[in-house]
Amino acid sequence: MTPRRITVVGASAAGLAAAEALRRFGWTGTLTLVGDEPHPPYDRPPLSKQLLQGAWQPDKLHLRAADQLDTLALDLRLGTRATGLDTATRTLTLDSGERLACDGVIVATGVAARTLPDAAGLDGVLTLRTLDDALTLKERLSGTDRRLVVVGNGVLGCEAAAVARELGHQVTLVGREALPMARTVGPQIGELLAAEHQEHGVQLRTAAVDGFEADGDGPARHVTAVRLADGTRLPADTVLVAIGSEPAVGWLRGDPALDTADGLRCDAYCAAAPGVYAAGDVARWQHPVHGRHLRVEHRMNATEQGMAAARNLLAELEETLPEGGGGALAPAAGRERRPFTPVPYFWSDQYGLKVQAYGVLNGADRSEATVLDPDARKAVALYGRDGQATGILAIGVPPRQVRGLRALIATPAPWEEAREGVRNALA
């Protein structure tokens, strides 16, 4: 009998959730989990918060203890990269040259941090995506009164700037947008966040980066300053480049059956091709409720989509493998493919603020703070497009009320109806 194998590529939250769901939903064949980092699966959101603060040690980030991973009976390939996928034969190629014949593949490779061209080879210019990145930045901030320049004022840049300031360092936050996180949260919430950072002593600058200055020669060159396009020179001991990310799909571009523009394009079931599914930050899937393709880089989505991809892959294999799943698929009642229709959720912690949002904020053509009290650091904002409310954000609102707001945008609702719903929910 041909050995049966499913391979999950990507050993972070989405990949681990997929692997666990495959076992839970009845896969008894070989289950390979490939991760390009040497670390066992760990959680990423604490990298820019608890780990950087020193409140957590690296082992607290582990998503599962070693004995819990053992119960999954994984063929675990850490420190290994996938370099190609032939969807016609479902053959996966690894960086060792090994080729794995698979019955199914779940792609959960996430994203890679963008950087700046002049940053290559400069000591002290960092990105923050992996555990090793975070430990390097933590070490750089272990002294006193360091000068940190954060390039990029999105969520990651804002979180790292807040932590560094709380550690007592001089922090300058540089962004192309005039207000922190403005592209996602809009101008009113952006102004509230800007005031919070300024109150804590962060210097805000709006400019493009023109380049870096450094001392030393060759590989020993160390960054000393950031040059802005407006001519300003910002002295720096360390620079964090937090200008966004790119979906990790380069290894898939050799297969013409896959669409890798802005992530791996999938249908409503998270399928990119027969037997090939995707989950997490890398997946761009057709959301049936919103009627368009979405790619969501949020922690909660990674777990939910990993489980959905696993369930739908097994439902497909139940129909295509020999009777009994070739001996690798346990019988299960009600195994069927279902569209993935989540209400996206994300959060961000900055100083004493907890920002929470449900729904789709990106791509909004309208945003409005229906409640805004800067003095109390409280806000509720709606986001929408084409006359429909699609997302909601809250700061300084009790968790129970925030969860109640979720129902207002679980499906796109007429703007005025959602607006009135916010008022009633907070009354």
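Rules used in this analysis
- Residues numbered from 1 in each chain as written.
- Predicted model: local features only at pLDDT ≥ 70, side-chain atom pairs only at ≥ 80, totals over all residues.
- Heavy atoms only, no water.
- UniProt positions renumbered as here; feature names shortened; annotations may be inferred.
- Helix = DSSP H or I, 4+ residues; strand = E, 2+ residues; numbered from the N terminus.
- Salt bridge = Lys/Arg side-chain N within 4 Å of Asp/Glu carboxyl O.
- Buried < 20%, exposed > 50% of the residue type's maximum accessible area, 1.4 Å probe, protein only.
- Pairing = 2+ DSSP bridges.
- Axes fitted to C-alpha atoms, helices over the stretch in contact; angles between N-to-C directions.

**Student:** Can you help me understand the UniProt feature "domain: Reductase C-terminal" (unreviewed entry) in the chain in this one?
**Tutor:** Mapped onto this structure's residue numbering, the UniProt feature "domain: Reductase C-terminal" (unreviewed entry) falls at residues 345-417. In the segment residues 345-417, helix accounts for 15% and strand for 53%; the C-alpha atoms at its two ends are 21 Å apart.

**Student:** Whenever I open this one, the pattern of salt bridges confuses me. Can you help?
**Tutor:** Two side chains of opposite charge can pair, provided their charged atoms sit close to one another. Overall, the coordinates contain 30 salt bridges when judged by the stated rule. Notably, a salt bridge pairs R81 with D36, separated by 3.4 Å at the nearest N-O pair. Placement of the pair is R81 in the loop between β3 (75-78) and β4 (82-86) and D36 in the loop between β2 (30-35) and α2 (50-53), with a sequence separation of 45 residues. Residues E246 and R114 are paired through a salt bridge, measuring 2.7 Å at the closest nitrogen-oxygen approach. Linking E246 in strand β17 (residues 245-247) with R114 in the loop between β8 (111-113) and β9 (125-126), this pair joins segments that are 132 residues apart in sequence. For E246, a relative accessible area of 40% corresponds to the partly exposed category.

**Student:** Help me understand the sheet that holds strand β14 (residues 222-228), please; the structure alone is not making it clear to me.
**Tutor:** Strand pairing in a sheet takes place through backbone hydrogen bonds and is either antiparallel or parallel in direction. Spatially, the three strands line up as an open sheet ordered β13-β14-β15, and their pairing is antiparallel. If you trace the sheet from one side to the other, it starts and ends with β13 (209-215) and β15 (233-235), each paired once. Within this sheet the neighbouring strands show an average axis-to-axis angle of 30°, counted without direction. Direction of pairing for β13 relative to β14: antiparallel, over a ladder of six bridges. Within β14, the position partnered with A214 by the bridge is V223.

**Student:** How do you make sense of the pairing of strand β5 (residues 91-94) when you look at a structure like this?
**Tutor:** In the case of a regular strand, side chains alternate between the two sheet surfaces. Alternating residues of β5 divide into T91 and T93 and L92 and L94, and every residue in both groups is buried. Pairing analysis gives four bridges linking β4 to β5, with the strands arranged antiparallel. By the bridge assignment, A82 is partnered in β5 with L94. Strand direction decides the pairing type here: β5 and strand β6 (residues 99-101), joined by three bridges, are antiparallel. Bridge pairing in β6 links T91 to A101.

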